[in-house]
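# Inside the fold
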Amino acid sequence: MSIKQSSIMIWVLVLVSCSSPTKNDTMTTDNNNAKDSCCANHSINADSKIVMQSEITCPKCGHKKMEIMPTDVCTIKYNCEKCSEEMRPKDGDCCVFCTHGTYQCPSMQ
């Protein structure tokens, strides 16, 4: 196996181990079968449910908007609907919800 193939296999394993939940129960998802992985459980509420909504706050104008977070992709760009500021995740965060939201994205929960 080449180094390139090995690198691809490692990234696939990382992505699979950090995949987001597939069961959507209105705005939360059961987390009873959560496994230890590279994803930290920072935003699980007291009922061990994954939070599916996050209030995103614009760092420029302070405008807040409640958004439903996607479970299949990371949101790396988000434009404020008030001032049009383009928000991006800070270094080390996977998406704008992890940086600017009240809850981290489902894959990080």
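Placed above this text is the structure.
One structure accompanies this document, and this report is about it.

Rules used in this analysis
- Residues numbered from 1 in each chain as written.
- Predicted model: local features only at pLDDT ≥ 70, side-chain atom pairs only at ≥ 80, totals over all residues.
- Heavy atoms only, no water.
- Helix = DSSP H or I, 4+ residues; strand = E, 2+ residues; numbered from the N terminus.
- Buried < 20%, exposed > 50% of the residue type's maximum accessible area, 1.4 Å probe, protein only.
- Contact = heavy atoms within 4.5 Å.
- Areas by Shrake-Rupley, 256 points an atom, 1.4 Å probe, with all protein chains shown as cover.
- Salt bridge = Lys/Arg side-chain N within 4 Å of Asp/Glu carboxyl O.
- Core = buried A, V, L, I, M, F, W, Y, C linked by side-chain atoms within 4.5 Å.
- Pairing = 2+ DSSP bridges.
- Polar contact = N/O pair within 3.5 Å; in protein donor to acceptor, adjacent residues only side chain to side chain.

Let us look at the overall build of the protein. Within the protein, the regular secondary structure consists of two helices and six strands. Expressed as a percentage of its 109 residues, the buried residues of the protein come to 27%. When contacts within the protein are restricted to residue pairs at least 6 apart in sequence, those whose partners lie at least 24 apart make up 39%. Entry remark: accessible area of the protein is about 7400 Å², with carbon and sulfur atoms responsible for 52%.

Within the structure shown, the criterion is met by four salt bridges. Glu-67 is the salt-bridge partner of Lys-65, the closest N and O atoms lying 3.5 Å from each other. Glu-86 is the salt-bridge partner of Lys-77, the closest N and O atoms lying 3.8 Å from each other. Looking at Lys-77, the relative accessible area reads 46%, which means it is partly exposed.

Right, let's talk about the environment of Thr-71 for a bit. One can find Thr-71 in the loop between strand 4 (64-68) and strand 5 (78-79). With relative accessibility at 29%, the residue Thr-71 sits in the partly exposed group. C-alpha of Thr-71 to C-alpha of Pro-106: the two residues are 35 residues apart in sequence and 6.1 Å apart in space.

A positive phi is found at Ser-84, a non-glycine position, where the angle reads about 70°. Among the structural elements, Ser-84 can be located in the loop between strand 5 and strand 6 (86-87). Of the residues examined, Ser-84 reaches a relative accessible area of 55% and is grouped as exposed.

A separate point is the nonpolar core. By size, the foremost hydrophobic cluster in this structure holds eleven residues: Ile-56, Cys-58, Met-69, Tyr-78, Cys-80, Met-87, Cys-95, Val-96, Phe-97, Cys-98 and Cys-105. Tallying contributions element by element places helix 2 (residues 96-100) first for this core, with three residues. Beyond its immediate sequence surroundings of up to four residues, Met-69 is in contact with Val-51, Met-52, Gln-53, Ser-54, Phe-97, Tyr-103, Gln-104, Cys-105, Pro-106 and Gln-109.

Take the pairing of strand 4 next. Here strand 3 (residues 53-57) runs beside strand 4; their pairing, made up of five bridges, is antiparallel. Bridged to Ile-56 within strand 4 is Lys-65. Hairpin connection, strand 3 to strand 4: the antiparallel pair is bridged by six residues, and Gly-62 has positive phi, about 80°.

Here we take up the side chain of Ser-54. By the secondary structure assignment, Ser-54 is in strand 3. The exposure class of Ser-54 is buried, given its relative accessible area of 0%. From its side chain, Ser-54 meets the backbone nitrogen of Tyr-103 in a polar contact 3.0 Å long. Those residues in contact with Ser-54 that lie beyond four places of it in its chain are Lys-65, Met-66, Glu-67, Met-69, Phe-97, Gly-101, Thr-102 and Tyr-103.

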